[in-house]
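Here are the chains, one letter per residue:
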Amino acid sequence: MNLPQTSRLQFTPDLNICRILNGMWQVSGAHGSIDPERAVQSMFEHFDAGFTTFDLADHYGPAEDFIGEFRRRLAAARGRDALAQVQAFTKWVPAPGPMTPALVEANIDRALRRMDVESLDLLQFHWWEYGDQRYLDALGRLADLQRKGKIKHLALTNFDTEHLATIVRGGIRIVSNQVQYSMVDRRPQLRMAEFCRAHGVGLLTYGTVCGGLLSDRYLGAPPPRRAELNTASLQKYSRMIDAWGGWDLFQKLLTAVAEVARRHSVSIANVATAYILDQPAVAGVILGVRLGVSAHIEDNARVFNLKLDAEDGTRIDAVLSGSRDLFAAIGDCGDEYR
Ligand SMILES: NC(=O)c1ccc[n+]([C@@H]2O[C@H](COP(=O)([O-])OP(=O)(O)OC[C@H]3O[C@@H](n4cnc5c(N)ncnc54)[C@H](OP(=O)(O)O)[C@@H]3O)[C@@H](O)[C@H]2O)c1
């Protein structure tokens, strides 16, 4: 399969990415058990279909090791030149404490070793506690490592607009912020997207299909019982739907999105993904993949030929206007983690 050109984005001068990224939290163990052999095979299938960009983290179980293994096998089978077609975006989520140069470098070196790369394409930094200003020390050290060539680009995850602004105005070049963004969680529309647009920061989004809840599988279905929520992702977004307006309203949303999907002969997940890809400042949508367990390669490929129109927007927004205000309830992007 060859994805159309609309699937690609020149994310930075040196990185051309697929606008649907393969999310690897799903290999962490919290979404069912993963067989490493089948997982790496599935990485080849995604890559060969055109889904060449992976999102991972230091704490997603073996995710960084899988990138290393995938790259070694890719180089062995197709030559080292093929490696230039892979983009792997990791995260560093440190425990609070002193952010000494040695500590920061040791963590970056660990990711380099695990992923078997000389330089990280994108390092997305997370911080748990804004009251602890040492996140600025950490970012300063990361910028030093970027100058040394160990990191190509610096990014953030789950930072709110205020602290993103502090960092950007402090002179650190941030290329993206990874946040929850879906029809259900539209908090980025309030402040984040405008700041990002004005400062050339891209949004990489997660939760866009609500762990699979925002798909045909749940149209007309009763509220999932606790035992059915068998991935960390389903549990996370089921709570989000409760906070947003509950299962009845969610069914109204699924019904409206299903009508839009029918108009375009695509799936509900396709509409959910395209809706967010169309939002200002959004660079890409990360869709979680239970590598080797389930895959939606052919279905997700349809997103790149889908163009939602004003009538679609009106139909969806009519339901969304009946939801609670998550910004008022939770706060800006990432506040749910703090
Ligand atoms: N920075 C952060 O704090 C943070 C937090 C969460 C996630 N993330 C990132 O975002 C990624 C996405 O994770 P998520 O938890 O937000 O999950 P998600 O992408 O909302 O949901 C993933 C699940 O959606 C289902 N799915 C995908 N495409 C589908 C399609 N076309 N039709 C029907 N179902 C489809 C699959 O379910 P089945 O496997 O059951 O088929 C898949 O496992 C993670 O892997 C991670 O990289 C980051």
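Going by the structure above, here's the rest.
Residues numbered from 1 in each chain as written. Predicted model: local features only at pLDDT ≥ 70, side-chain atom pairs only at ≥ 80, totals over all residues. Heavy atoms only, no water.

Points about the overall build of the protein chain
Turning to step 1, where the next piece is worked out: Tallying secondary structure elements over the protein chain gives 12 helices and 10 strands in all.
Turning to step 2, where the next piece is worked out: For the protein chain, whose C-alpha radius of gyration is 19 Å, the value lies close to the compact-globule estimate of 20 Å for 338 residues.
Turning to step 3, where the next piece is worked out: Overall, the protein chain is about 55 × 50 × 40 Å in size when its C-alpha atoms are taken along their principal axes.
Turning to step 4, where the next piece is worked out: Counting all 338 residues of the protein chain, 59% fall into the buried class.
Turning to step 5, where the next piece is worked out: Pairs at least 24 apart in sequence give 80% of the contacts found in the protein chain among residues at least 6 apart. (Helix = DSSP H or I, 4+ residues; strand = E, 2+ residues; numbered from the N terminus. Rg over C-alpha atoms; globule rule 2.2 N^0.38 Å. Buried < 20%, exposed > 50% of the residue type's maximum accessible area, 1.4 Å probe, protein only. Contact = heavy atoms within 4.5 Å.)

A look at the packing of aromatic side chains
Turning to step 1, where the next piece is worked out: Evaluation of the coordinates by the stated rule reveals 15 aromatic pairs.
Turning to step 2, where the next piece is worked out: Plain terms: the ring middles of phenylalanine 54 and phenylalanine 70 are 5.8 Å apart, the flat faces sit at 55 degrees to each other, and that makes the pair tilted. Linking phenylalanine 54 in strand S4 (residues 53–55) with phenylalanine 70 in helix H2 (residues 63–78), this pair joins segments that are 16 residues apart in sequence. The two residues phenylalanine 54 and phenylalanine 70 agree in class, both being buried.
Turning to step 3, where the next piece is worked out: Taking 6.3 Å as the distance between ring centres and 85 degrees as the angle between the ring planes, the aromatic pair formed by tyrosine 218 and tryptophan 247 counts as edge-to-face. Here tyrosine 218, found in the loop between strand S9 (202–206) and helix H7 (232–244), pairs with tryptophan 247, found in helix H8 (residues 247–264); they are 29 residues apart in sequence, far enough to count as distant. (Phe/Tyr/Trp six-rings, centres within 6.5 Å; stacked < 30°, edge-to-face > 60°.)

So, the packing of H2 against helix H3 (residues 101–115)
Turning to step 1, where the next piece is worked out: Interaxial distance between H2 and H3 falls to 6 Å at its minimum, and their mutual angle equals 40 degrees. As summarised for this structure, H2 and H3 are arranged oblique, according to the angle between their axes. Taken together, the residues of H3 that come into contact with H2 (itself represented by Glu64, Asp65, Ile67, Gly68 and Arg71) are Ala111, Arg114 and Met115.
Turning to step 2, where the next piece is worked out: When the residues that make up the contact of H2 with H3 are grouped by side-chain class, the tally is three nonpolar, one polar and four charged. (Axes fitted to C-alpha atoms, helices over the stretch in contact; angles between N-to-C directions. Parallel < 35°, antiparallel > 145°, perpendicular 65-115°, else oblique. Nonpolar A, V, L, I, M, F, W, Y, C, P; charged D, E, K, R; others polar.)

Some remarks on the site of the ligand
Turning to step 1, where the next piece is worked out: Close to the ligand lie 30 residues; Gln26, Asp55, Ser233, Ser294 and His296 are nearest.
Turning to step 2, where the next piece is worked out: At 3.0 Å, a side-chain N or O of arginine 217 approaches an oxygen atom of the ligand.
Turning to step 3, where the next piece is worked out: Side-chain polar atom of histidine 296 to an oxygen atom of the ligand: 2.7 Å apart, as the coordinates give it.
Turning to step 4, where the next piece is worked out: Coverage of the ligand by the protein chains reaches 93% of its 900 Å² of free accessible surface. (Near = heavy atom within 4 Å. Polar contact = N/O pair within 3.5 Å; in protein donor to acceptor, adjacent residues only side chain to side chain. Areas by Shrake-Rupley, 256 points an atom, 1.4 Å probe, with all protein chains shown as cover.)

Description of the environment of glycine 292
Turning to step 1, where the next piece is worked out: In this structure, glycine 292 sits in the loop between strand S10 (282–288) and helix H10 (297–301).
Turning to step 2, where the next piece is worked out: Taking relative accessible area as the criterion, glycine 292 reaches 21% and is therefore assigned partly exposed.
Turning to step 3, where the next piece is worked out: Taking the C-alpha atoms as reference points, glycine 292 and isoleucine 174, 118 residues apart in sequence, are found 33 Å from one another.
Turning to step 4, where the next piece is worked out: Here glycine 292 is in contact with Arg38, Ala39 and Ser42, once residues within four sequence places are set aside.

Focus: the pattern of salt bridges
Turning to step 1, where the next piece is worked out: Applying the stated criterion across every chain yields a total of 26 salt bridges.
Turning to step 2, where the next piece is worked out: Glutamate 69 is the partner of arginine 72 in a salt bridge, and the nearest nitrogen-oxygen pair spans 3.1 Å. One end of the pair is arginine 72 and the other is glutamate 69, both in helix H2 and three residues apart, which spans about a single turn.
Turning to step 3, where the next piece is worked out: The salt bridge partner of arginine 147 is aspartate 144, with a shortest N-O separation of 2.6 Å. Of this pair, arginine 147 and aspartate 144 both sit in helix H4 (residues 134–147), three residues apart, which is roughly one turn of that helix.
Turning to step 4, where the next piece is worked out: Judged by relative accessible area, which is 66%, arginine 147 ranks as exposed.
Turning to step 5, where the next piece is worked out: Salt bridges sharing common partners tie together Glu259, Arg263, Asp309, Glu311, Asp312 and Arg315. (Salt bridge = Lys/Arg side-chain N within 4 Å of Asp/Glu carboxyl O.)

Looking at unusual backbone geometry
Turning to step 1, where the next piece is worked out: Phi is positive for aspartate 116, which is not a glycine, with a value near 55 degrees.
Turning to step 2, where the next piece is worked out: As for its position among the elements, aspartate 116 is in the loop between H3 and strand S6 (120–125).
Turning to step 3, where the next piece is worked out: The exposure class of aspartate 116 is partly exposed, given its relative accessible area of 33%.
Turning to step 4, where the next piece is worked out: One non-glycine residue with positive phi stands out, namely serine 265, at about 55 degrees.

Brief notes about the pairing of S6
Turning to step 1, where the next piece is worked out: Burial within S6 is extensive, with six of its six residues counted as buried.
Turning to step 2, where the next piece is worked out: Here strand S5 (residues 87–92) pairs with S6 via four bridges, running parallel. For threonine 90, the partnering residue across the bridge sits in S6 and is leucine 123.
Turning to step 3, where the next piece is worked out: In terms of handedness, the path from S5 via H3 over to S6 forms a crossover that is right-handed.
Turning to step 4, where the next piece is worked out: As paired strands, S6 and strand S7 (residues 151–157) are joined by five bridges and run parallel to one another. Bridge assignment links phenylalanine 125 to a residue of S7, and that residue is leucine 156. (Pairing = 2+ DSSP bridges. Right-handed = clockwise from strand over helix to strand, strands pointing away.)

So, the sheet that holds S9
Turning to step 1, where the next piece is worked out: The parallel closed barrel is built from eight strands, whose spatial order is S3-S4-S5-S6-S7-S8-S9-S10. On average, adjacent strands in this sheet sit at an angle of 30 degrees to one another, irrespective of strand direction.

Quick look at the environment of phenylalanine 47
Turning to step 1, where the next piece is worked out: Relative to the assigned elements, phenylalanine 47 resides in helix H1 (residues 36–49).
Turning to step 2, where the next piece is worked out: Considering only alpha carbons, one finds phenylalanine 47 and alanine 283, 236 residues apart in sequence, at a separation of 19 Å.
Turning to step 3, where the next piece is worked out: Apart from the residues lying within four places of it in its own chain, the contact partners of phenylalanine 47 are Thr52, Phe70, Leu74, Arg78, Ala82, Gln85 and Val86.

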